[in-house]
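Commentary on secondary and tertiary structure
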Amino acid sequence: MKGNLRSCSTSVSGLEPYKKSCRSFVYNEKSTPNSSIKHCVDRKPEDVQPPSAHPVDVLANVLEELREVRRWLLASENRDLGRLNLCHSLESIDPCVLPCIDTIIQLLELSVGTTTAGEEGRNERASAMRQRVFSHATALFGPYRDSGQVHVMVTAGKEAISNETLIANLLKAGADVIRINCAHDDPTVWSEIVRLARQSSASLGKSCRVLMDLAGPKLRTASLLVNKIAAVVSPESDGSGDMLSPARIWLCCDGRSPPSNLSCHAILRIGQELFGELRVGDTVSFVDPTAGRRPVMVVEKSCLDGSGYVAACSEPAHISLGGTLDVDKEDKKISGQILKILTVERYITVEAGDVLTLTRSCCVGENDLHDDRHDSTMITCSSDHIFNSVKPGEPIAFDDGKIWGMIQAKNSNAIAIVIVQANATGSKLGTKKSINLPKSDTKLLRGLTSKDLVDLRFVAANADIVGISFIRDVNDMASVQRELEKRKVPALGLMLKIETRDAVDNLPLLLLQAMQSSNPIGVMIARGDLMVECGWDQLGEIQKEIMAVCSAAHIPVTWATEVLDILIKSGFPSRAEITDVANAMR
């Protein structure tokens, strides 16, 4: 059933309190199964009774139509009662539409001099609706501060544990929800953030909930690799020059990048003959053109697939492409050439016109899209599912749309991308940044990933709310509910992050499914990915649509992504941010 609220701008003389306009609900006849209200059709301005008609008669006609609409709504509710009864959050409460109609009917009845016996009941329902909305928000986020009805959520990362007073200062400034993104850092960091949040909340006597977002099946940048003809690796040192940890070099023969749990400074591709003879404990040496022969110790082999070794270098060293690596065994000496050098970077700077290569993690050492240019860049990503589905000419976005590119060429292992939009002075692209393919028919994983399932154990034990990233349909929601049932956490809040077109289209069904659990529920408008997926020109209307659906379901909404970004960076909000926050507070 689709409905529009059309304004009939007919002046009602003599009734000052209601002279601005009268409004009626208008329904499409095809979508209305009950033939008794077929007279509720689109009204054109010329169909409205002329001003010469008695104003009471005009209002009486509108009143009768609204009463018919109300009867049809109640009949529809009875028809779907089986589904509605499964929803904890809607129990015994009308949707927002009905109290609004009741209020209009009440005003019209006063205007035309009629009343109904159900007036007191309608007032009670409207009051109950407001109380239910309030209780849902407090169940999820805790009590409101002072007399306000807004909660402030702040994302905290590793920087929060290096400054013991940061979270306490945030709570003093008005924050009452601390968010942790499980796509970054690890349980050691998360535990410390949770500890500081709980400690600060208790010492200040201020409520503070902890929200932890699961990473979800999101495409992200993994390793950032720059092709080099020479590289310098250096151990990590403290301020006095003493070594804290050696430089780590990944040695491989088939072009595989190191697993995500192994942090390395450089990748050297070598031949199979030398690689096959390597063992943990071997000393490998090479000639540093600036300092003579340098030894490195083989300290670890990849336990996942045996695709490479980690070698530790305790002194700064220059490595040259084409140089020779030597390994002295008890009975022989084995040598091999350095076939490729890739340095592992924390971030790269890209400009319009640059060409990047997105590659499978198993193929960083060889792909026929790459011509081994000096300083050319390769990026591995968190999923291999995209390589068979993208096409040349399709757009690709990085870091929530801060950088845009166009797919230039592809094969089964690599995608060549030309950057078409970046800052004039260059844009930084780091690891674990989002990758979006808004026009590609990509078949990505859905629901909870293996990492999410591991992280959910920590979240269930330590957080107040779990954020479900990239949820798309009822099946995703049902799988989350099954996992929560296994862990017996009925009080853990559920935050549905809406960041894809599928989630927007399926939102009513998602909410009905979510409300079958006793867990408190909220919705987050994750505007970063949502804007890239749906287009910036659509974001404004989509936000309004999400908020309208959630309002009807009495579900609190979190307005997220760069809400006060300029304030944080400059100390003063932009005019757009002031409006942004005002809308969020509604």
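Residue positions are counted from 1 within each chain, in the order its sequence is given. In keeping with the model being predicted, local features are shown solely for residues with a pLDDT of at least 70 and side-chain atom pairs are shown and tallied solely at 80 or more, while totals for entire chains, interfaces and linings include all residues. To obtain the side-chain values, all non-hydrogen atoms of the structure were included, while hydrogens and water were left out.

For clarity, the threshold we go by: UniProt positions are given in the numbering used here, feature names are shortened, and annotations may be inferred rather than shown by experiment.
As named in an unreviewed UniProt entry, the protein is pyruvate kinase, taken from Ensete ventricosum. The protein has a UniProt comment under Cofactor (unreviewed entry) that states "K(+)". Under the UniProt heading Sequence similarities (unreviewed entry), the entry covering the protein gives this text: "Belongs to the pyruvate kinase family."

Quick look at the pairing of strand E23 (residues 414-421)
Our working rule: Residue exposure (1.4 Å probe, protein chains only): buried if accessible area is under 20% of the type maximum, exposed if over 50%, otherwise partly exposed. Under the scheme used here, helices are H or I runs from DSSP no shorter than 4 residues and strands are E runs no shorter than 2 residues, and both carry numbers assigned from the N terminus. For two strands to be treated as a pair, DSSP must find no fewer than two bridges joining them.
Of all 8 residues in E23, 6 are buried; the element is thus mostly enclosed. In terms of strand pairing, strand E19 (residues 355-359) meets E23 through 5 bridges, oriented antiparallel. In the strand pairing of E23, Leu-358 is matched with Ile-415. Hairpin remark: strand E22 (residues 403-410) followed by E23, antiparallel, with 3 residues in the connecting loop.

A look at the pattern of salt bridges
Using the following cut-off: Salt bridges, as used here, are contacts in which a Lys or Arg side-chain nitrogen is within 4 Å of a carboxyl oxygen on Asp or Glu.
According to the stated counting rule, one finds 25 salt bridges in the structure shown. Across the salt bridge formed by Lys-332 and Glu-277, the nearest N and O atoms sit 3.6 Å from each other. You can see Lys-332 sitting in the loop between strand E16 (324-328) and strand E17 (333-345) and its partner Glu-277 sitting in the loop between helix H8 (272-275) and strand E12 (283-288), a full 55 residues away along the chain. The network of salt bridges with common partners includes Glu-64, Glu-68 and Arg-71.

A short note on a nonpolar patch on the surface
We count it as follows: Like-charged residues are merged into a patch within 9 Å and nonpolar side chains (Val, Leu, Ile, Met, Phe, Trp, Tyr) within 5 Å, provided each residue has over 30% relative accessible area and no salt bridge. Each accessible area value is a Shrake-Rupley result obtained with a 1.4 Å probe; residue values ignore everything except the protein chains displayed when judging cover.
A cluster of nonpolar side chains, contributed by Val-150, Val-152 and Met-585, occupies part of the molecular surface with about 240 Å² of accessible area. Take Val-150: it is sitting in the loop between helix H4 (119-141) and strand E3 (153-155).

Focus on the nonpolar core
Taken as a class, soluble globular proteins show a tendency for nonpolar side chains to be buried jointly. This is how it is decided: We define the nonpolar core as a collection of buried residues of types Ala, Val, Leu, Ile, Met, Phe, Trp, Tyr and Cys that are connected through side-chain atoms lying within 4.5 Å of one another. Contacts are assigned to residue pairs with any non-hydrogen atoms lying within 4.5 Å of each other.
Counting 53 residues, the largest nonpolar core has Met-212, Leu-496, Leu-511, Val-523 and Ile-546 as its most contacted members. A total of 6 residues in this core trace back to one element, the largest contributor, which is helix H7 (residues 187-204). Once residues lying within four places of it in the same chain are set aside, the contact partners of Val-523 are Met-495, Leu-496, Ile-498, Leu-507, Leu-511, Ile-546, Cys-550, Ile-555, Pro-556, Val-557 and Thr-558. Core analysis: the next-biggest nonpolar cluster, separate from the first, contains 26 residues, Ala-231, Ala-247, Tyr-309 and Ile-338 among them.

A closer look at the side chain of Thr-558
With respect to the helices and strands, Thr-558 occurs in strand E29 (residues 557-560). Residue contacts for Thr-558: discarding those within four places in its chain leaves Phe-141, Met-153, Met-495, Val-523, Met-524 and Ile-525.

Concerning the environment of Arg-220
Of note, Arg-220 is situated in the loop between strand E5 (209-213) and strand E6 (221-228). Placed 161 residues apart in sequence, Arg-220 and Cys-381 show a C-alpha to C-alpha distance of 5.6 Å.

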